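Report on the structure
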Amino acid sequence: MTDLDRLALDAALEQAHQSLAEGGIPIGAALLAPDGSIVARGHNLRVQTGDPTAHAETACIRNAGRRRDWHTLTLASTLSPCAMCSGTAVLHRIPRVVIGENRTFQGREDWLRAERVLLRVLDDPRCVALMQRFIQDHPDLWNEDIGVPPDA
């Protein structure tokens, strides 16, 4: 893991903890410029705002505002990005995605790879433990977040 990967993941993990403290899903994201400066941060706000599209990665990208340098940025997320968040990264041609973990949820890494996005799956134990604990404590909320129908 590079120093930039660690910096990006640490910023994303701070956001995940913020979401959890707010009663939300503990997923965070950060956008980094090539020099390591943090361009934007975001965390899952779906529960807090009632917005089903307010996942961490989309919130982070929204917080970055209008830009012309997406093609130079790295997106870090504590969890493997879902189809919507992967699509947002593809749409903006973000070339590199750092993933904290993909054990508890396997997002659309296949799509990102097909679009030639460089993926770094860090399998970070902090991210794994955070999501495992949340899923154990709040299975219904987790299933709602990932689109699993009730009684499925």
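Treat the numbers as computed from the prediction; the structure is a model and nothing was measured.

1. Observations regarding the pattern of salt bridges
Counted under the stated rule, the structure contains 13 salt bridges. Put simply, Asp-10 and Arg-126 hold a salt bridge, and the shortest N to O gap is 3.0 Å. Of the two residues, Asp-10 is situated in helix H1 (residues 3-21) and Arg-126 in helix H6 (residues 125-137); the sequence distance between them amounts to 116 residues. Judged by its relative accessible area of 27%, Asp-10 falls in the partly exposed class. Of the charged contacts in the structure, one is a salt bridge between Arg-62 and Asp-51, with a shortest N-O distance of 3.9 Å. On the criterion of sequence distance, the pair formed by Arg-62 in helix H3 (residues 56-64) and Asp-51 in the loop between helix H2 (46-49) and H3 is long-range, its members being eleven residues apart. Ionic contacts of the salt-bridge type, sharing partners, join the residues Arg-6, Asp-10, Asp-124 and Arg-126 into one network.

2. Re the nonpolar core
By size, the foremost hydrophobic cluster in this structure holds 25 residues, and its most contacted members are Ile-27, Leu-31, Trp-70, Leu-75, Ile-94 and Trp-142. Looking at this core, the elements with two or more residues in it are strand S1 (28-32), H3, helix H4 (83-91), strand S4 (96-99) and H6. By residue number, the principal contributor to this core is H3, which donates four residues. Setting aside chain neighbours within four positions, we find Trp-70 in contact with Leu-31, Ile-61, Ala-64, Gly-65, His-92, Arg-93, Ile-94 and Pro-95. Counting residues in each nonpolar core, the second largest holds 13 residues, with Leu-9, Val-98, Cys-127 and Leu-130 among its members.

3. A short note on the environment of Leu-119
Position of Leu-119 among the secondary structure elements: in strand S5 (residues 118-121). For Leu-119 and Leu-75, which are 44 residues apart along the polypeptide, the C-alpha to C-alpha distance reads 9.8 Å. Other than its neighbours up to four places away in sequence, Leu-119 contacts Val-97, Ile-99, Glu-109, Leu-112 and Arg-113.

4. Some remarks on unusual backbone geometry
Of note, the phi angle at Arg-116 is positive, near 65°, even though the residue is not glycine. Looking at where Arg-116 falls in the secondary structure, it is placed in the loop between helix H5 (109-114) and S5. Arg-116 sits in the exposed class, given a relative accessible area of 77%.

5. A look at H1
In this model H1 runs 27 Å from its N-terminal to its C-terminal C-alpha over 19 residues, within 8% of the 27 Å that 1.5 Å per residue would give. Along H1, the residues that are buried comprise Asp-5, Ala-8, Leu-9, Ala-11, Ala-12, Leu-13, Gln-15, Ala-16 and Ser-19. At the C-terminal side of H1, Gly-23 shows a positive phi close to 90°.

What counts and how
Residues numbered from 1 in each chain as written. Predicted model: local features only at pLDDT ≥ 70, side-chain atom pairs only at ≥ 80, totals over all residues. Heavy atoms only, no water. Salt bridge = Lys/Arg side-chain N within 4 Å of Asp/Glu carboxyl O. Helix = DSSP H or I, 4+ residues; strand = E, 2+ residues; numbered from the N terminus. Buried < 20%, exposed > 50% of the residue type's maximum accessible area, 1.4 Å probe, protein only. Core = buried A, V, L, I, M, F, W, Y, C linked by side-chain atoms within 4.5 Å. Contact = heavy atoms within 4.5 Å. Expected span 1.5 Å × (residues − 1).

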